[in-house]
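Examination of the molecular architecture
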Amino acid sequence: MAQNSNGKIQVAVLGASGYSGAEALRLLLSHPHVRIQALTADRKAGAPIGEVFPQLDGYGLPMLQRIEELDWDQIDTVFCALPHGTTQDVVAALPDKVKVVDLSADFRLRDIDAYATWYGHPHRAPDLQEQAVYGLTEFARTAIANTRLVACPGCYPTSALLPLLPVLEKKVIRTDDVIIDSKSGVSGAGRALKEGSLYAEVAEGIHAYGIASHRHGPEIEQELSGAAGLAMTVTFTPHLMPMNRGILSTIYVKLADGADVEDLRAALAERYADEPFVRLLPQGQAPQTRHVRGSNNASIGIFADRAPGRAMLICAIDNLVKGAAGQAVQNFNVLHGLPETTGLSLAPMFP
Ligand SMILES: NC(=O)C1=CN([C@@H]2O[C@H](COP(=O)(O)OP(=O)(O)OC[C@H]3O[C@@H](n4cnc5c(N)ncnc54)[C@H](OP(=O)(O)O)[C@@H]3O)[C@@H](O)[C@H]2O)C=CC1
Ligand SMILES: CC(=O)N[C@@H](CCC(=O)OP(=O)(O)O)C(=O)O
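Residue numbers restart at each chain and count upward from 1, following the sequence in its written direction. A letter from A marks each chain and a number from 1 marks each ligand, given out in the order of writing. Per-residue local features of the predicted model are confined to residues with pLDDT of at least 70, and side-chain atom pairs are confined, for both listing and counting, to 80 or more; whole-chain, interface and lining totals are unaffected and use all residues.

The environment of ligand 2 is formed by His84, Ser104, Ala105, Gly154, Cys155, Ser184, Gly188, Ala189, Pro238 and Leu240. Broken down by class, the residue content of the shell around ligand 2 amounts to five nonpolar, five polar and no charged. Viewed by domain, the shell around ligand 2 spans two of them, domain 1 (9–153 + 323–335) and domain 2 (156–319), each represented by three or more residues. In this entry, near means the residue's backbone-placed C-beta atom lies within 6 Å of the molecule or strand. Each residue is assigned to one of three groups, with Ala, Val, Leu, Ile, Met, Phe, Trp, Tyr, Cys and Pro labelled nonpolar, Asp, Glu, Lys and Arg labelled charged, and all others, Gly among them, labelled polar. Here the bounds of each domain stem from an automatic or database domain assignment.

Further remarks concern the site of ligand 1. The environment of ligand 1 is formed by 31 residues, the closest being Gly15, Gly18, Ser104, Gly190 and Arg191. Only DSSP runs of H or I covering at least 4 residues are called helices, and only runs of E covering at least 2 are called strands; the numbering of each starts at the N terminus. Where the shell around ligand 1 is concerned, the elements lending two or more residues are helix 1 (19–28) and helix 11 (321–335). Ranked by residues supplied to the shell around ligand 1, first place goes to helix 1 with three residues.

Our focus in this paragraph is the sheet that holds strand 4 (residues 77–80). The sheet built from seven strands is open, its strands ordered 3-2-1-4-5-7-6 with parallel pairing. Only two strands of the sheet have a single partner each, and these edge strands are strand 3 (64–65) and strand 6 (133–134). C-beta atoms are first placed from the backbone for all residues, and any pair lying within 7 Å is then listed as a contact. Note on geometry: axes are C-alpha line fits, over the in-contact stretch for helices, and angles between N-to-C directions span 0 to 180 degrees. Relative to the sheet, helix 1 contacts strand 1 (9–14), strand 2 (34–40) and strand 4, its axis offset from that of strand 1 by approximately 155°. Contacts from helix 11 reach strand 4, strand 5 (99–102) and strand 7 (149–151), with the element oriented near 155° to strand 5. If DSSP finds at least two bridges between two strands, the strands pair.

With that settled, consider the UniProt feature "active site" (unreviewed entry) in the chain. UniProt positions are given in the numbering used here, feature names are shortened, and annotations may be inferred rather than shown by experiment. Here, the residues flagged by UniProt with the feature "active site" (unreviewed entry) are Cys155. Inspection of the secondary structure assignment puts Cys155 in helix 7 (residues 155–169). Around each residue's C-beta, the other C-beta atoms within 10 Å are counted; 20 or more make the residue buried, 12 or fewer make it exposed, and counts in between make it partly exposed. All C-beta atoms are placed from the backbone. Look at Cys155 and you get buried, because 29 C-beta atoms sit within 10 Å. Leave out the neighbours within four places in its chain, and Cys155 touches Ser184, Gly188, Ile247, Asn319, Gly323 and Ala324.

Turning next to the environment of Cys152. One can find Cys152 in the loop between strand 7 and helix 7. The exposure class assigned to Cys152 is buried, which follows from the 33 C-beta atoms found within 10 Å. Setting aside residues no more than four positions away along its own chain, Cys152 makes contact with Val101, Asp102, Leu103, Gly135, Gln327, Ala328 and Asn331.

On to the environment of Val234, then. Tracing the chain through its elements places Val234 in the loop between helix 9 (216–228) and strand 10 (235–240). A residue is classified by how many C-beta atoms lie within 10 Å of it, and Val234, with 19 of them, is partly exposed. In the structure, Val234 is positioned 114 residues away from Pro348 in sequence and 31 Å away in space, judged by C-alpha atoms.

The next thing to look at is the pairing of strand 8 (residues 173–184). In terms of strand pairing, strand 8 meets strand 11 (residues 247–255) through eight bridges, oriented antiparallel. Across the sheet, Ile179 pairs through a bridge with Tyr252, a residue of strand 11. Here six bridges tie strand 8 to strand 10, and the two strands are oriented parallel to one another. The partner of Ser182 across the bridge, within strand 10, is Pro238.

It is worth spelling out unusual backbone geometry at this point. A cis amide bond links Phe350 with the next residue in sequence, Pro351, at an omega value of 0°. Relative to the helices and strands, Pro351 is located in the segment after helix 11. Despite not being glycine, Glu204 shows a phi value in the positive range, around 60°. Looking at where Glu204 falls in the secondary structure, it is placed in the loop between helix 8 (199–202) and strand 9 (207–208). Note on Glu204: 7 C-beta atoms within 10 Å, which makes it exposed. With a phi angle near 55°, Ala212 is a residue other than glycine that sits in the positive phi range. Among the structural elements, Ala212 can be located in the loop between strand 9 and helix 9.

Attention shifts here to the confidence of the model for the chain. Looking at the chain as a whole, its pLDDT mean stands at 97, while 99% of the residues score no less than 70. The ipTM, which scores confidence in the relative placement of chains, is 0.98 for this predicted complex, and the corresponding pTM is 0.97. Residue-level confidence of the predictor is what pLDDT reports, using numbers from 0 through 100.

Now for the domain arrangement of the chain. Each domain of the chain was delimited in the assignment, giving domain 1 (9–153 + 323–335) and domain 2 (156–319). Breaking the side of domain 1 that touches domain 2 down by element, the ones donating at least two residues are helix 4 (112–119) and helix 11. The element contributing the most residues to the side of domain 1 that touches domain 2 is helix 11, with five residues. Class assignment for the residues of the side of domain 1 that touches domain 2 results in eleven nonpolar, five polar and three charged.

To continue, consider the pairing of strand 5. Within a regular beta strand, the side chains point alternately toward one face of the sheet and then the other, so they alternate between its two faces. By the alternation rule, side chains of strand 5 split into Lys99 and Val101 and Val100 and Asp102, which are all buried. Two elements, strand 4 and strand 5, share four bridges in a ladder whose sense is parallel. Bridge pairing in strand 5 links Val78 to Val100. When the strands point away from the viewer, a crossover counts as right-handed if the path from the first strand over the helix to the second runs clockwise. Following the chain from strand 4 across helix 3 (residues 87–92) to the adjacent parallel strand 5, one finds a crossover that is right-handed. Relative to strand 7, strand 5 is paired through three bridges, and the arrangement is parallel. By the bridge assignment, Val100 is partnered in strand 7 with Leu149.

Structure follows, in structure tokens:
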């Protein structure tokens, strides 16, 4: 392990001039076992990080460099917060000794053909894809501890899988009738300039997008199918909300024959009893994005529907924390055998 004289793990954040890279820096600055050795950017390479993100000025962080300029002898682990499609070429060129915590979608889909269908090009590093572990931490600790490459889940999938996996494992819901209605803050689209992220396009309104065609649909189905033991297809509709951070997913399910909503509560309570970041809310309390903002927490609420045999699971996360950089740090901790909450004990910001 590349450690400096203080015994710290030396990390590079690739894509540090983006939203999730910056969020990784915010968290890593208070991580006691990390030294932030290098930062990269593309268009903004050569600039001090404090010029790109004034809120990160004054913390002694390195300059933004191009990836090709990094000295890999000095780096043990990379947090890779690059656009999907770019990441696989970058990771394929890294020395084998470098561990990778990837925030992008490049290594999440195990089926190479599904990747080509949903991402519009054949995968260029299929061997690496085979080694990658899908890093929904609460469900993959042993595998994460034994890999070199962790593919952190997408933000929408994290908010859908945390409530759904335990109830599927316990077989208390039907597998043929799952509807995931998700709402995201605009930071989910990243910092790069896009017409659809302009203030006038987002403020004072909400809209659905990627209807029956969003690339997180197959990612969610991959993991649900694994838990259910059969191929599942779900209805997944993302919406863009006029807020900076947060994802709220309201999930409509049909109860299995003989099951009631208390069985859902019992399945989730049992699965998450000892989990530091997943909070099951008291009966009747609905999760809110403002109650998880800035934290690695996921809040889950369970509600019986008035329609017989139906229930709702509602999950709130911060897309940049449990949906991206926070889960990445959680996976980094597992990868290095550190206590999982290290660097992640910040309580939510409120209001
Ligand atoms: N935002 C979110 O909520 C989440 C994001 N993710 C994933 O994390 C990754 C980063 O997302 P996000 O932070 O939102 O994106 P941003 O657009 O905000 O940042 C992208 C970063 O990658 C750099 N970059 C862009 N193109 C290249 C390239 N060709 N070579 C090297 N570096 C490049 C950019 O540099 P420069 O600024 O100089 O152009 C910037 O630092 C994506 O894969 C995204 O899907 C995952 C979960 C949630
Ligand atoms: C609001 C918004 O635009 N969200 C992004 C998904 C967020 C994300 O970053 O997902 P990946 O990690 O899979 O890229 C989208 O819909 O494409």
